[in-house]
Amino acid sequence: MDPFLGEIRLFAGTFAPVGWELCAGQLLSIAQNDSLFVLLGTQYGGDGIQSFGLPNLCGRAAVGVGQGPGLSAYTAGALGGVESVALTANNLAGHTHAAQAKLGVTSAAATAPTPATNLLAKGPDPVYAPSRSTGSATSPNTVAALTAPAGGNLPHENRQPSLALNYIIATQGIFPNPG
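These numbers come from a predicted model, not from an experiment.

## Structural notes on the pattern of salt bridges
If you walk through the whole model with that rule in mind, you get 1 salt bridge. Across the salt bridge formed by Glu-7 and Arg-9, the nearest N and O atoms sit 2.7 Å from each other. Under the relative-accessibility criterion, Arg-9 is labelled partly exposed at 37%.

## Re a nonpolar patch on the surface
There is a patch of nonpolar side chains on the surface, built from Leu-10, Leu-163 and Leu-165 and spanning about 320 Å² of accessible area. One can find Leu-165 in the loop between strand 9 (155-157) and strand 10 (166-170). With a relative accessible area of 40%, Leu-165 lands in the partly exposed category.

## Comments concerning the packing of aromatic side chains
On inspection of all chains with the given rule, the structure shows 2 aromatic pairs. When the ring of Phe-11 is compared with that of Phe-15, the centres are 5.7 Å apart and the planes differ by 80 degrees; the resulting orientation is edge-to-face. For Phe-11, a relative accessible area of 22% translates into the label partly exposed.

## Some details on the sheet that holds strand 1 (residues 8-11)
The 3 strands are arranged 1-10-2 in an open sheet whose pairing can be described as antiparallel. The sheet terminates laterally at strand 1 and strand 2 (20-22), the two strands that pair on one side only. Recorded for the sheet is a direction-independent mean angle of 35 degrees between the axes of neighbouring strands. Two elements, strand 1 and strand 10, share 4 bridges in a ladder whose sense is antiparallel. Bridge pairing in strand 10 places Leu-10 opposite Tyr-167.

## A few points about the pairing of strand 10
For strand 2 and strand 10, the ladder comprises 3 bridges, and the chain directions are antiparallel. In the sheet register, Leu-22 faces strand 10, and the bridge partner there is Ile-168.

## Observations concerning the side chain of Asn-33
Its location among the elements puts Asn-33 in the loop between strand 3 (27-29) and helix 1 (34-40). According to the relative accessible area criterion, Asn-33 is buried, its value standing at 17%. In contact with Asn-33, not counting residues within four places along its chain, are Leu-28 and Phe-52.

## Some thoughts on the confidence of the model for the protein
The predicted coordinates ought not to be read in detail in places where the model reports low pLDDT. Confidence along the protein averages 80 in pLDDT terms, with 69% of residues attaining 70 or more. In the predicted structure, residues 125-144 sits below a pLDDT of 50 and forms 34 contacts with residues beyond four places in sequence or in another chain.

## A closer look at the state of the cysteines
According to the stated counting rule, one finds 0 disulfides in the structure shown. Here Cys-23 stays free of any disulfide, with the sulfur of Cys-58 as its closest cysteine sulfur at 8.5 Å. When its relative accessible area of 3% is taken as the criterion, Cys-23 is described as buried. Residue classification places Cys-58 among the exposed positions, given a relative accessible area of 51%.

## Concerning the environment of Ile-169
Relative to the helices and strands, Ile-169 is located in strand 10. Assessed through its relative accessible area of 0%, Ile-169 is described here as buried. Along the chain, Ile-169 and Phe-4 lie 165 residues apart, while their C-alpha atoms are 9.4 Å from each other. Discounting chain neighbours no more than four positions away, the residues touching Ile-169 are Gly-6, Glu-7, Ile-8, Gly-19, Trp-20, Glu-21, Cys-23, Leu-40, Leu-54 and Pro-55.

Reading the values: rules and limits
- Residues numbered from 1 in each chain as written.
- Predicted model: local features only at pLDDT ≥ 70, side-chain atom pairs only at ≥ 80, totals over all residues.
- Heavy atoms only, no water.
- Salt bridge = Lys/Arg side-chain N within 4 Å of Asp/Glu carboxyl O.
- Buried < 20%, exposed > 50% of the residue type's maximum accessible area, 1.4 Å probe, protein only.
- Patch = residues over 30% accessible without salt bridge, like charges linked within 9 Å, V, L, I, M, F, W, Y side chains within 5 Å.
- Areas by Shrake-Rupley, 256 points an atom, 1.4 Å probe, with all protein chains shown as cover.
- Helix = DSSP H or I, 4+ residues; strand = E, 2+ residues; numbered from the N terminus.
- Phe/Tyr/Trp six-rings, centres within 6.5 Å; stacked < 30°, edge-to-face > 60°.
- Pairing = 2+ DSSP bridges.
- Axes fitted to C-alpha atoms, helices over the stretch in contact; angles between N-to-C directions.
- Contact = heavy atoms within 4.5 Å.
- pLDDT = per-residue confidence, 0-100.
- Disulfide = S-S within 2.5 Å.

Written out as structure tokens, the structure is:
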């Protein structure tokens, strides 16, 4: 069965078969692809006089055009999303982490992230020094101290698990008639 002109398919090959092009954002000549230009216009690039662009799905997931209930509106050709995001303390919901240690403070310097004695180390660092020495009802031999925000504002990958395949678009085929 012949494809519809402008139809996009996933393809596991490393090339585009005859009558297809990779969806990699390349510009095509309007004169050589006038029927496909009628369907796509310049929504994916090009000057609309001599050239028009194909969709660029390299490193992107396709999303349906329109707006579903409770979802954002998407127009054809719109780009969105990023591969990585730097989270800052302002991006996170307010919360605290309780550090647990035995009552009392050791006179030893802090030399390990998890001391064998489970005592708070000496020093004026307010991040690790408790503001009050009170045990909790569930664990009277411990004292709670709040930890400071962490993370370093470095970007992290923000993609779902994926498998890289090629999207291809039909440059030859049946001109689709609106139903």
